[in-house]
Amino acid sequence: MSKKGYWIALIDVHDADVYRQYIEANGKAFAKYGATFPVRAGRYTSPEGPTGNRHVVVEFESYETALACYESPEYQEASKFRLAASTGHFVIVEGA
């Protein structure tokens, strides 16, 4: 059995209107690759310094699926909105 894959993003959104376009556009890729969202915004505390104003964890069936989703034409098209509307840290990792 393969380990799950995750996207972890700590984002500073500076254009909420454009970022909403990203959220609307990324649904095609996430549906295609079976993504779920253990964390998608919500309340947070940053006890050790700034972490961005939006925090997201996206779960996939495997690390390979997480990579495939990121590299997909559907997500690459949607990511243009994220990159235009925000800055931050984004990583794809294999679960434990």
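If you're wondering where the values come from, they're calculated on a predicted model, not measured in any experiment. Sequence order sets the numbering: in each chain, residues are counted from 1 along the sequence as written. This being a predicted model, a pLDDT of at least 70 is required before a residue's local features are given, and a value of 80 or more before pairs of side-chain atoms are given or counted; all residues contribute to the totals for chains, interfaces and linings. No hydrogens and no water enter the side-chain calculation; it runs on all heavy atoms of the structure.

**Some words on helix H1 (residues 16-32)**
Part 1: Given a rise of 1.5 Å per residue, 17 residues ought to cover 24 Å, and the 25 Å separating the end C-alpha atoms of H1 matches this to within 8%.
Part 2: At any given residue, the bend is defined as the angle formed between two axes, one fitted to the seven residues that end at that position and one fitted to the seven that begin there. Here a strand is any run of E in DSSP of at least two residues, a helix any run of H or I of at least four, and the numbering for each starts at the N terminus. If you look at H1, its biggest bend is around 35 degrees, right at Asn26.
Part 3: Buried within H1 we find Val18, Tyr19, Tyr22, Asn26, Ala29 and Phe30.
Part 4: Identification of polar contacts relies on pairs of N or O atoms within 3.5 Å, with a donor-acceptor requirement for protein atoms, meaning one able to donate a hydrogen and the other able to accept it, and with residues adjacent in sequence counted only if both atoms are side-chain atoms. The N-capping residue of H1, defined by a side-chain oxygen 3.2 Å from the backbone nitrogen of Asp17, is Asp15. Helices are assigned an expected span. That span is 1.5 Å times one less than the residue count. Under the scheme applied here, a residue whose accessible area is under 20% of the maximum for its type counts as buried, over 50% as exposed, and between as partly exposed, the area being computed with a 1.4 Å probe on protein chains only.

**Digging into the packing of aromatic side chains**
Part 1: Aromatic contacts are taken between Phe, Tyr and Trp rings whose centres are within 6.5 Å, Trp giving its six-membered ring; a plane angle under 30 degrees counts as stacked, one over 60 as edge-to-face, and the others as tilted. The final tally for this structure, using the stated rule, is eleven aromatic pairs.
Part 2: Their ring planes at 65 degrees and their centres at 5.3 Å tell us that Trp7 and Phe30 sit as a pair that is edge-to-face. Here Phe30 lies in helix H1 and Trp7 lies in strand E1 (residues 5-13), a separation of 23 residues in the sequence. Phe30 shares its class with Trp7; the two are buried.
Part 3: On the accessibility criterion, Phe30 (5% relative accessible area) is buried.
Part 4: The rings of Trp7, Tyr19, Tyr22, Phe30, Phe37, Phe60, Tyr70, Tyr75 and Phe90 are connected pair by pair, giving a single aromatic cluster.

**Things to note about unusual backbone geometry**
Part 1: For Ala41, which is not a glycine, the phi torsion comes out positive at approximately 70 degrees.
Part 2: Within the secondary structure, Ala41 sits in the loop between strand E2 (36-40) and strand E3 (54-60).

**Some words on the environment of Gly5**
Part 1: Relative to the assigned elements, Gly5 resides in strand E1.
Part 2: Residues Gly5 and Ala16, spaced eleven residues apart in sequence, show a C-alpha to C-alpha distance of 27 Å.

**What about the packing of helix H2 (residues 63-71) against helix H3 (residues 73-85)?**
Part 1: At their nearest, the axes of H2 and H3 sit 5 Å apart, and the two run at 65 degrees to each other. It follows from the interaxial angle that H2 and H3 lie roughly perpendicular. Of the residues in H3, those touching H2 at Cys69, Tyr70 and Glu71 are Pro73, Tyr75, Gln76 and Arg82.
Part 2: Note that Gly is not counted as nonpolar here; it falls among the polar residues with everything else outside the nonpolar set of Ala, Val, Leu, Ile, Met, Phe, Trp, Tyr, Cys and Pro and the charged set of Asp, Glu, Lys and Arg. Of the residues contributing to the contact of H2 with H3, the split by class is four nonpolar, one polar and two charged. Axes here mean lines fitted to C-alpha atoms, for a helix over just the part in contact, with angles spanning 0 to 180 degrees between N-to-C directions. Angle categories: roughly parallel below 35 degrees, roughly antiparallel above 145, roughly perpendicular from 65 to 115, and oblique for all the rest. The contact criterion used throughout is that any non-hydrogen atoms of two residues lie within 4.5 Å.

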